[in-house]
Structure formats: structure tokens, C-alpha cells
Amino acid sequence: MARMTMIEAIRDAHDVSMSRDEKVVVFGQDVGYFGGVFRCTKGLQQKYGMQRCFDTPINESGIVGTAVGMAAYGLRPCVEIQFADYMYPAYDQLVSEAARLRYRSNGDFIAPLTVRMPTGGGIFGGQTHSQSPEALFAHVSGLKTVIPSNPYDAKGLLIASIEDNDPVIFLEPKRLYNGPFDGHHDAAVTPWSKHELGEVPEGHYTVPLGKAAIRRPGADVTILAYGTMVHVALAAVEETGVDGEVIDLRSIVPLDLDTITESVAKTGRCVIVHEATRTCGFGAELAALVAHHCFYSLEAAIVRVTGYDTPYPHAQEWDYFPGPKRVGAALTQVMEAS
Amino acid sequence: MTRNKVFQLHVPEPQCRPGDTPDFSAFDVPKAGEVDRPAVDVDAEDIRHLAYEIVRVTDDEGEAVGPWAPDLTEEEALKGLRDMMTVRSLDARMLIAQRQGKTSFYMQSLGEEAISCAFQAALSPGDMNFPTYRQQGLLVTAGYPIEDMMNQVYSNSADPLEGRQMPVMYSAKDNSYFSISGNLGTQFVQCVGWAMASAIAGDTKIAAGWIGDGATAESDFHSAMVFASTFRPPVILNIVNNQWAISTFQGIARGKAATFASRGLGFGIPAIRVDGNDFLAVHAVAKWAAERAHLGHGATLIEHVTYRAGPHSTSDDPAGYRPKTEAADWPLGDPIKRMKAYLIARGIWTEERHAQAQAEIDSEVLAAQKRAESRGTLHDGPHPSSKGMFDDVFEELPAHLIRQRQEAGI
């Protein structure tokens, strides 16, 4: 067992997948010779050759569109969009093509491809390097959407995504690449080497899509989160002393509704946290599901803590980011409600 | 000092609108046999002229002339005619069926039959087309049962696609036919990806992409061209220029470009214009491009110059935007008539045999239609079970879709 950053874990997942299955190919902007701007594909071209790991033109629709064609041929492409903010030119290929190919052809053709993209803010990336577009994928029938919160999950979920026979969107919270960032931007970040989920087994293992993890059991309030917000929620629980149960969803499609409803039935309260904008964010879906399935258990209104419905600002990043203070205030609010 | 011009937007207009006399005098029809046939390993730069001229083989007397005249066996040539006649007969029956309310929608390939039928005849088993909705000739030529095409058009109980797709959005992997999307241009870049996969896998199969003149304006056309140029996969990229994108004439998508084919030159991709109503010319150019791909020289861009003789679809009426008789005046003629003339000139066909073949084909198509209708029509059913509506969204039915299916009570 080795301690790894999330970047190293993602690179390892590629390595394991490429060594086990020669149909796995990896490409995107800067991913070949250089190994990716975040270095998640470093060394793969050197190890597996240019036929299986290569640079592409700056053309997201081309990256995903060719991946759909390759997947239809029988390969298993795992491609990188350099930032989730850049995926919009590929959206037609994802929504109208990858997501629907199995359905529209009645299984004649399938699209087993994985599209990785760094997501979320916290790196002063402004409005074009900070977005969290997960709800745009979750809204599309036929796409799976995965968001890991730690190196162990990142490796296991990415291998599971590559092995999945349906298209998977794999959103990597870039603020977590090097450590479990908890929203305290002015404090030093603990590296993954000091975190138990930085322990990454060697070789092949998977973390199944659609299975949430309870990161901290608690009795008083259920906190639903994924990606960076898992660590923010844990910090908020610690700092408020509220006995919160922190659920890391890991994938939002498929969604582990059972773990959510069991928890809310027990706690009677629910706070939903995500970095994406609020209106029609995935928190709206979660709130509706919790209200529908747990209505008679609820002792307080469901509260969402999210990014605001504005573009992601640059200088004002930390007022926009839903940090532990805002999450803590929501926890206090639901505990005070009778 | 020059005075600044007050601007006015340039909006291209076709030469003729309803009420005008069709006029193709500006359309330069080169004589058959005049265009040279280069070696397949040629550089795009050395055949720039082929992106502007038109490869034509069958002349006005039905003779196959010039360096592109293909070496078709009697059997191959007769099959070509028969395939085109089958497509036209199928289209005619389905058009009537739609008018009778037996299905919601249909798209003919009237006047464009040579392109898909001749092209498919140049491919090998295992190659893959990424077609648009107007290449039904690929399927007919590949031997896909027309009864199954009708089952799909009717969304009936035997529909291979379980009623999930609009009419004509076929999918037939075993017959070299990728699933039709309906979103324009998306398949062009997927086709390049499929060909890249063939190269990555060390395979020998080639891919063929299809796009209309109008959809070349989509950004996916550019994506396909840049990836094809960069990675040189074994691919043939076909533009079917049938002059009309619904009501929009081809000048709207073409802009200032002299031809659609010339767009290949900027990418270093050899580009050839071909008479799309000339079965022999299309077949020869397709063979050339396929050989080029098979020998590892990469992509070819082909512009098939033709005319959409029918409406865009059953939801369209061209009388609202073009002269009614324009199709009849199209200078490249009708592909079936021209192939028939060629076969007669070659001495392997007669008017009598043609009339007999027409009757046979019509009767086969009608028999297929009866069999298909015995499995239902969109109007009368039976249809595929609605239970299947939830299948194949994913490989396995996830919990939320199980709940929604229960909610639907099916």
C-alpha cells in the first residue's frame, strides 16, 4: 500500500486499466507527451506508446466525438477535457450521441467511454476554470456522473468507470488533487500522505458506481455532499459540534438513495452541500427526493448550501465558495428549527 | 480620404424562386471522361483541380468514357441498377404509407440513389458507414432486408429498434450502417474516431462518413476534418451536395467557398467532386478513395454533386421555396435513367427487361410491405411493448428507472 495524491491515484488507475485491457486508450489536450496539465496521465505515452496515449487538437467536440466512434468500434476510450468549463463544445456529442447510442440503436452500438474533467473552484481560476457542471450531466438520461473525494475512491471509481459499458462523466475536484481541502483557504493544506484515504492499494480494485460512503456517522443531521464539499462538511461538523452524519455520494447517477433515506429517517434533518450554482443544481433533486421519501421523518426544512447563482468570481472567490462557516450556519439553523 | 462605406449584410439568395423559370446556365457541366485519374498516393496539393471539376463517366449516349470508367462486371452493373430501383420503389411505397397515416414521417432519397448504392458497392464487409438519414441505398445495397427497414419505419412489433427511433433512423451494425442520430453532423467526427480505432487496433477496416451540404456548416465538420488531417485514419468523408438544406439553398452553407470539396484542401486532404447522378463515376471515385485508405494514405473528401428531387421530408413542401420544375431541369439527369442507358449501350439490358425488372421489384417491395404491415403500423399497432421503454438507457436498469417503470405501471 502506498500513500498517493489524487493525481497519482488517477494516473495509477489509468496505468492499471491500460495494462489489463489493450482496448483502453487515453487522449486529450496535452495528455500525451507532457502527461496532462495536472499530470494525471504522466508517463502513459512513454509506457504504452503513441497508439494508446496521445495529444489531440484543441477541439472538445472532436475529442468526445472521436471517442464515441472508437467506443462504437470496440475500444474503451478514457479522454480528458482539460477543465469541466471547456466541455460545452462536446455537450452535443455527450447528450445526443454518447448518452443515447445504446438506447436508439437498441443495443446494436454502445458507447463505453469515460470523460474525465477537473471540476470546482478554490484555485483562483475565475469563471472559466472553476465551474461544477455536474447537474448538466445528471439531467441527461444515459450518462453516469461520478465525483470522487479522495485518492482511494478516485482510483477505484475511475477503474470502475473505464470498465463500465456506459458513458461515464468523471469529475475530478481539482482543489482535492493534492490534499483534503476543507475550505479553510488561509490554512496550510494537509497533504494526502497524512490522510487515511491517501492509502491507495496497488494493482486492480474498483469502487462501485452508485454506492455512497458514510464518512462520519452522526445522529442529529444528515449532510449530503460529494467531492470537495465532503471535507468542508466534515470541518463544519467538527467546528460546530453538531453530530452530523456526512454522506459522500461518490456518484450522483446512479444515486444511492437507500443510504440517504436511511440516514434522514434516523436524523430527521438534512443539509445538502454543493459548490455548483443553486437553481436546478443537483441539490434541488436531492431535496425533492428527501422530501418525497422522508417527509414524515423530517423535523426541519431541508437546507441547501451552494455556490450562488452568479458566475464564479475571481477576486471574490472565498465569498462565493460555500466554506465551513456557511455549512456550519446551516447546521445550526436546522438544529434550531423545531 | 476615402469615405467609409455604410455596411449592408450580404445574404446569399438562390438564382430562382417559385414562379421563376429554372436556370442552371451558371452550372458548368464538364464533359464525361475529361477529368484525370491520379495515383491513390497523390498529395492533396497536386490534385487541387479535382476539388473544382466534376468526375463524370457516363456520357449522354450511355457510354462509359475516360480514365475513371470502372471495370464493373455485368453482374455488378446490373445489381447497381437493381439496387437503385429498389430504393426508389421502397421510397415510393413508404411515402404513400405515410400519406395513408401508417407512419409519422418519411424521407426519400429520390434522385440521389446512385450515391449510396454505388458507394456501398465499393466497400468491403466489416467497413462502417456513418450515414445521414438519406443514405438508405447503403442498406439496400448491403443486403439489409427492406422488410426490416419497413418494420422500423412503422415502429411495429418487429421493429429492430423497438419503436425508439423516428422513421428512417436505422441502425444495422452487421450491414456496415451506424445508428442514425438526427442531430446533424455529429456522425462525421464519430466516423473519424471509428477509423482511428481501426488504426489503433491494427485492423484493416475503413470507415465512411456522410454529411449534407447544409450540415457542413456545423462545427463537427471542422472537428472531423482536423482530426482526419492530424491522425490520417482510413476514412472516406462524403459530402452529399443535393443543393437544398430543407428550404435553404447550398449557397448559405457554402458562403464564398467555390465548392464544398475545396474545404478539404486547407486540411491537406485530397478532395474530389463527382457527378452524384452517375453510378459509374461515384463507384470509381469511391473505389479510388477506399484503395487510398486501405494503402494507409489516409482520408479523402468527396463532394457528390446531385439534386434533392423530392421534398426534404414528408413534413416539407418545396413549392414554397423553389421552382416546381427545377428537379426536371437538373443538368446531371436522373441516376436510374442514366444507368439504364449505360447498360443498354453495353448490350446487357433492354427496355423490355427494364420494364420486367421494374414490375418484379415493385412486386417484391409490395410483398415486403404486406409482411411488414402484418406486424403492425404506427397507426394501428401492434407496437413494441412500452415496458422496453426503460431498457437500454443503461446496460443494467438502475434503481431510479425501476422506480419510474413501477410508477408508470408497466
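For the structure itself, consult the block above.
Residues numbered from 1 in each chain as written. Chains lettered and ligands numbered in written order. Predicted model: local features only at pLDDT ≥ 70, side-chain atom pairs only at ≥ 80, totals over all residues. Heavy atoms only, no water.

Asker: Before we move on, could you go through helix α1 (residues 6-20) of chain A and cite the residues and values that matter?
Answerer: One turn of an α-helix holds 3.6 residues; hence residues three or four places apart share an orientation. Spanning 15 residues, α1 of chain A covers 21 Å between terminal C-alpha atoms, matching the ideal 21 Å at 1.5 Å per step. Within α1 of chain A, burial applies to Met6, Ile7, Ala9, Ile10, Asp12, Ala13, His14, Val16, Ser17 and Met18 of chain A. (Helix = DSSP H or I, 4+ residues; strand = E, 2+ residues; numbered from the N terminus. Expected span 1.5 Å × (residues − 1). Buried < 20%, exposed > 50% of the residue type's maximum accessible area, 1.4 Å probe, protein only.)

Asker: Just give me the short version of the environment of Leu158 of chain A, but keep the residues and values in it.
Answerer: Turning to its location among the elements, Leu158 of chain A is positioned in helix α7 (residues 151-163). Leu158 of chain A sits 148 residues away from Ile10 of chain A along the chain, and the two C-alpha atoms are 7.1 Å apart.

Asker: Residue-level account of the layout of surface pockets, with values.
Answerer: In this model, the largest pocket occupies a volume close to 930 Å³. Lining of the largest pocket is provided by 36 residues; of these, Ala138, Val253 and Glu285 of chain A together with His400 and Gln404 of chain B occupy positions nearest its centre. Among the secondary structure elements, those contributing two or more residues to the lining of the largest pocket are α6 (134-138), β12 (251-253), α9 (257-267) and α10 (282-294) of chain A together with α12 (399-408) of chain B. A class-by-class count of the residues in the lining of the largest pocket yields 21 nonpolar, nine polar and six charged. Here the second largest pocket defines a volume of roughly 680 Å³. If you trace the second largest pocket, you find 28 residues lining it, with Ala26, Phe27, Gln243, Gln250 and Arg254 of chain B closest to the centre. Secondary-structure elements contributing two or more residues to the lining of the second largest pocket are α7 (250-254) and β7 (300-305) of chain B. Looking at the lining of the second largest pocket residue by residue, the classes come out as 15 nonpolar, six polar and seven charged. (1 Å grid on protein atoms, 1.4 Å probe; cavity = no way out; pocket = protein on both sides within 12 Å on 5 of 7 lines; lining within 4 Å. Points joined across faces, edges and corners; volume = space filled by probe spheres on them. Nonpolar A, V, L, I, M, F, W, Y, C, P; charged D, E, K, R; others polar.)

Asker: Help me get a handle on the pattern of salt bridges, residues and values and all.
Answerer: All names here are of chain A. Applying the stated criterion across every chain, the model contains 34 salt bridges over all chains. Asp12 serves as the salt-bridge partner of Lys155, at 2.6 Å between the closest nitrogen and oxygen. Here the residue Lys155 occupies a position in helix α7, and Asp12 occupies one in helix α1, the gap between them amounting to 143 residues. In this structure, Lys155 and Asp12 share a single accessibility class: buried. (Salt bridge = Lys/Arg side-chain N within 4 Å of Asp/Glu carboxyl O.)

Asker: Summarise the side chain of His231 of chain A; cite the residues concerned and give the values.
Answerer: Residues and elements named next belong to chain A. Tracing the backbone through its elements, the reader meets His231 in helix α8 (residues 228-240). Using a relative accessible area of 7% as the deciding quantity, one classes His231 as buried. Leave out the neighbours within four places in its chain, and His231 touches Ser149, Leu176, Pro180, Phe181, Asp182, Trp192 and His195. (Contact = heavy atoms within 4.5 Å.)

Asker: Break down unusual backbone geometry for me, with residues and values.
Answerer: Here the amide bond leading from Val253 of chain A into Pro254 of chain A is cis, since omega sits at 0°, within 30 degrees of zero. Along the polypeptide, Pro254 of chain A turns up in the loop between β12 and α9. Put simply, Gly381 of chain B and Pro382 of chain B share a cis peptide bond, and its omega is 0°. Position of Pro382 of chain B relative to the elements: it lies in the loop between α11 (351-374) and α12. Phi at Asp30 of chain A takes a positive value of approximately 70°, unusual for a residue other than glycine. On the basis of relative accessible area, Asp30 of chain A is assigned to the partly exposed category, the value being 34%. With a phi close to 65°, Arg250 of chain A is a non-glycine residue in the positive phi region. Of note, Arg250 of chain A is situated in the loop between β11 (244-248) and β12. The exposure class of Arg250 of chain A is buried, given its relative accessible area of 11%.

Asker: Quick rundown of the packing of aromatic side chains? Include the residues and the values.
Answerer: Aromatic rings in a pair are described by how distant their centres are and how their planes are angled relative to each other. Evaluated as defined, the whole model comprises 27 aromatic pairs over all chains. Summarising the aromatic geometry, the rings of Tyr152 of chain A and Tyr205 of chain A are spaced 4.8 Å apart at their centres and angled 25° between planes, so their arrangement reads as stacked. Linking Tyr152 of chain A in helix α7 with Tyr205 of chain A in the loop between β8 (199-200) and β9 (213-216), this pair joins segments that are 53 residues apart in sequence. Through pairs of rings, three or more aromatic residues link up here, namely Phe27 and Phe54 of chain A together with Phe227 and Phe231 of chain B. Above the plane of the ring of Phe181 of chain A lies Arg175 of chain A, whose end atom (NZ or CZ) is 3.6 Å from the centre. Between the NZ or CZ atom of Arg164 of chain B and the centre of the ring of Tyr103 of chain A, over which it lies, the distance is 4.4 Å. (Phe/Tyr/Trp six-rings, centres within 6.5 Å; stacked < 30°, edge-to-face > 60°. Lys NZ or Arg CZ within 6 Å of the ring centre and 35° of its normal.)

Asker: Let's hear about the sheet that holds β12 of chain A: which residues, and what values?
Answerer: Residue and element names in this part refer to chain A. If you walk across this open sheet you meet the seven strands as β3-β2-β4-β5-β7-β6-β12, and the pairing is mixed. Every interior strand has two partners, whereas the edge strands, β3 (53-55) and β12, have only one. The sheet shows a mean angle of 20° between the axes of neighbouring strands, direction not considered. Note that strand β5 (residues 114-119) and strand β7 (residues 168-173) share six bridges and pair parallel. When the bridges of β7 are listed, Thr119 appears paired with Pro173. With respect to the sheet, α1 is in contact with β2 (24-28), β3, β4 (76-80), β5 and β7, its orientation differing from that of β2 by roughly 140°. (Pairing = 2+ DSSP bridges. Axes fitted to C-alpha atoms, helices over the stretch in contact; angles between N-to-C directions.)

Asker: Mind laying out the packing of helix α3 (residues 60-73) of chain A against helix α6 (residues 219-231) of chain B, listing which residues take part and the relevant values?
Answerer: Where α3 of chain A meets α6 of chain B, the closest approach of the two axes is 9 Å, and the angle between their N-to-C directions is 75°. With respect to α6 of chain B, the element α3 of chain A is oriented roughly perpendicular. In this structure, α3 of chain A uses Ser61, Gly62, Ile63 and Thr66 of chain A to contact α6 of chain B, whose residues at the interface are Asp220, Ser223 and Phe227 of chain B. Among the residues forming the contact of α3 of chain A with α6 of chain B, the class breakdown is two nonpolar, four polar and one charged. (Parallel < 35°, antiparallel > 145°, perpendicular 65-115°, else oblique.)

Asker: How would you explain the interface of chain B and chain A if you had to name every residue and give the values?
Answerer: By convention, interface size is frequently given as the accessible area that disappears when the constituent parts associate. Taken together, the 43 residues of chain B in the interface contact 40 residues of chain A. When the two sides are added together, the surface that chain B and chain A hide from each other amounts to roughly 3,500 Å², 60% of it contributed by carbon and sulfur. Between the two partners, chain B and chain A, sit zero salt bridges. Secondary structure elements with two or more residues in the side of chain B that touches chain A: α5 (186-200), α6 and α12 of chain B. Its residues assigned to classes, the side of chain B that touches chain A shows 21 nonpolar, 13 polar and nine charged. (Buried area = accessible area lost by both parts, 1.4 Å probe.)

Asker: Before we move on, can you summarise the pairing of strand β10 (residues 221-225) of chain A with the specific residues and values?
Answerer: Looking down a regular strand, the side chains alternate between one sheet face and the other. Residues and elements named next belong to chain A. The buried count for β10 comes to five of five residues, which makes it a mostly enclosed element. Looking at chain direction, β10 and β11 are connected through five bridges and run parallel. The residue of β11 that forms the bridge with Val221 is Gly244. In terms of handedness, the path from β10 via α8 over to β11 forms a crossover that is right-handed. By the bridge criterion, three bridges tie β10 to strand β13 (residues 270-277) in an arrangement that is parallel. Paired with Ile223 across the bridge in β13 is Val271. (Right-handed = clockwise from strand over helix to strand, strands pointing away.)

Asker: Outline the nonpolar core, listing residues and values.
Answerer: In terms of nonpolar packing, the biggest core is built from 89 residues, with Met70, Val115 and Met117 of chain A together with Leu237 of chain B touching the most fellow members. The biggest single contributor to this core is α5 of chain B, with nine residues. Counting the residues that make up this core, at least three belong to each of domain 1 (2-200) and domain 2 (213-336) of chain A. Ignoring anything within four residues of it in the chain, the contact list for Leu237 of chain B reads Phe188, Cys191, Val192, Gly209, Met225, Ala228, Thr300, Leu301 and Ile302 of chain B. Counting 74 residues, the second-largest nonpolar core is a separate cluster that includes Ile180, Ile206, Ile236 and Ala372 of chain B. (Core = buried A, V, L, I, M, F, W, Y, C linked by side-chain atoms within 4.5 Å. Domains from an automatic or database assignment.)

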